[in-house]
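Okay, here's what each chain looks like letter by letter:
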Amino acid sequence: MAGILRVPRSRGALSGLVLVLLGLWGGLIAFVGPYFHFAYTPGVAWTYTAGRLWLEILPGAGTLLGGLILLLTRVRPVAMFGAWLAAASGAWFAVGQALTPLWNSSGAMAVGTPIGTSTLIRVLEQISYFAGLGVVIVFVAALSVGRLSVIGVRDARIAEREVVVPDSAAPAGERTEPVLPRRAPASAVTSDGGPADQ
């Protein structure tokens, strides 16, 4: 059982790396975007606001942490936690800006408005800062959750190898290899799944 809880690092490596990069983008774009005229008001680089903290920095940090967990862990439940953390952070990127007015009637947590020079740039700012970024994060995290939910053949074989008791720990005269049930050959099975008469 304990062997099935382990997962090869390769299982979450690519998605973990993608989530780390997306988390860095989400947390830092508000601060470096003004250098490229790709920002929200106030449009000044490295300016901290409460809106940036709650709607960009914290979900970016959650995505980054979830991606690092996926990238580094070999324990399935821990990797699942990292994927779910990233998914929740991505969901907050996608809907957080729309939900902010529910508890912030004064506007102190508002993010501002896009400062792009054209309608296309303003739309791209809205998509890449919040909704689009959140959707991509949720998608990658959901792929990770799906991959981690399935115990593959390779995982089962690794778990079987870990179950084998070494000869020095086995009592004298006992078999140390696990006994696996044997399947009947295909010719010995009828169409209804029962054994064929010989």
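Residues numbered from 1 in each chain as written. Predicted model: local features only at pLDDT ≥ 70, side-chain atom pairs only at ≥ 80, totals over all residues. Heavy atoms only, no water.

Caption draft 1: A look at the nonpolar core. Core analysis: the largest hydrophobic core is formed by 15 residues, its most contacted members being Leu19, Leu70, Leu133, Ile137 and Leu148. Elements with a contribution of two residues or more to this core: α1 (10–32), α3 (76–99) and α4 (119–149). The biggest single contributor to this core is α4, with 6 residues. Once residues within four sequence positions are removed from consideration, Leu133 is found in contact with Leu22, Trp25, Gly26, Phe93, Ile127 and Ser128. (Core = buried A, V, L, I, M, F, W, Y, C linked by side-chain atoms within 4.5 Å. Buried < 20%, exposed > 50% of the residue type's maximum accessible area, 1.4 Å probe, protein only. Helix = DSSP H or I, 4+ residues; strand = E, 2+ residues; numbered from the N terminus. Contact = heavy atoms within 4.5 Å.)

Caption draft 2: Broad picture of α3. Helix length check: α3, at 24 residues, gives a terminal C-alpha distance of 33 Å against a target of 34 Å (1.5 Å per residue), a fit within 8%. For α3, the principal kink sits at Phe93 and spans about 40 degrees. When we look at burial in α3, the residues that qualify are Arg76, Ala79, Gly82, Ala83, Ala86, Ala87, Ser89, Gly90, Phe93 and Gly96. (Expected span 1.5 Å × (residues − 1). Bend = angle between axes of the 7 residues up to and from the residue.)

Caption draft 3: How the structure looks around the environment of Ala50. In this structure, Ala50 sits in helix α2 (residues 50–72). Judged by its relative accessible area of 29%, Ala50 is partly exposed. Spatially, the C-alpha atom of Ala50 lies 8.3 Å from that of Val111, the residues being 61 residues apart in sequence.

Caption draft 4: Spatial organisation of unusual backbone geometry. Cis geometry marks the peptide bond from Thr41 to Pro42, where omega comes out at 20 degrees. With respect to the helices, strands and loops of the structure, Pro42 is situated in the loop between α1 and α2. Residue His37 is not a glycine yet carries a positive backbone phi of 55 degrees. Within the secondary structure, His37 sits in the loop between α1 and α2. Look at His37 and you get exposed, because its relative accessible area is 59%. Unusually for a residue other than glycine, Trp46 sits at a positive phi of about 60 degrees. Position of Trp46 among the secondary structure elements: in the loop between α1 and α2.

Caption draft 5: The packing of α1 against α4, seen in detail. Between α1 and α4, the least distance of the axes is 10 Å, while the angle of their chain directions is 160 degrees. Between α1 and α4, the angle falls in the class roughly antiparallel. The two elements α1 and α4 meet at a crossing, and its hand is left-handed. Residues Arg11, Ser15, Val18, Leu19, Leu22, Trp25, Gly26, Ile29 and Ala30 of α1 touch α4, and the partners they reach there are Ser128, Tyr129, Leu133, Val136, Ile137, Val140, Ala141, Ser144, Arg147 and Leu148. Looking at the contact of α1 with α4, its residues break down into 13 nonpolar, 4 polar and 2 charged. (Axes fitted to C-alpha atoms, helices over the stretch in contact; angles between N-to-C directions. Parallel < 35°, antiparallel > 145°, perpendicular 65-115°, else oblique. Left-handed = near helix turned anticlockwise from the far one by under 90°. Nonpolar A, V, L, I, M, F, W, Y, C, P; charged D, E, K, R; others polar.)

Caption draft 6: Region of interest: the packing of α2 against α4. Here α2 crosses α4 at 25 degrees, and the two axes come no closer than 12 Å. What the angle tells us is that α2 and α4 run roughly parallel. Viewed along their axes, α2 and α4 form a crossing whose handedness is left-handed. Across the interface between the two elements, Leu55, Glu56, Thr63 and Leu70 from α2 touch Tyr129, Phe130, Ile137, Ser144 and Leu148 from α4. Tallied by class, residues from the contact of α2 with α4 come to 6 nonpolar, 2 polar and 1 charged.

Caption draft 7: Representation of the side chain of Glu56 in the model. Looking at where Glu56 falls in the secondary structure, it is placed in helix α2. The side chain of Glu56 is buried and forms no salt bridge, while Arg52, the nearest opposite charge, is found at 4.5 Å. Not counting residues within four places of it along the chain, the set of residues in contact with Glu56 comprises Gly26, Gly27, Ile29, Ala30, Gly51, Phe93, Val111, Tyr129 and Phe130. (Lys, Arg positive; Asp, Glu negative; His and termini not counted. Salt bridge = Lys/Arg side-chain N within 4 Å of Asp/Glu carboxyl O.)

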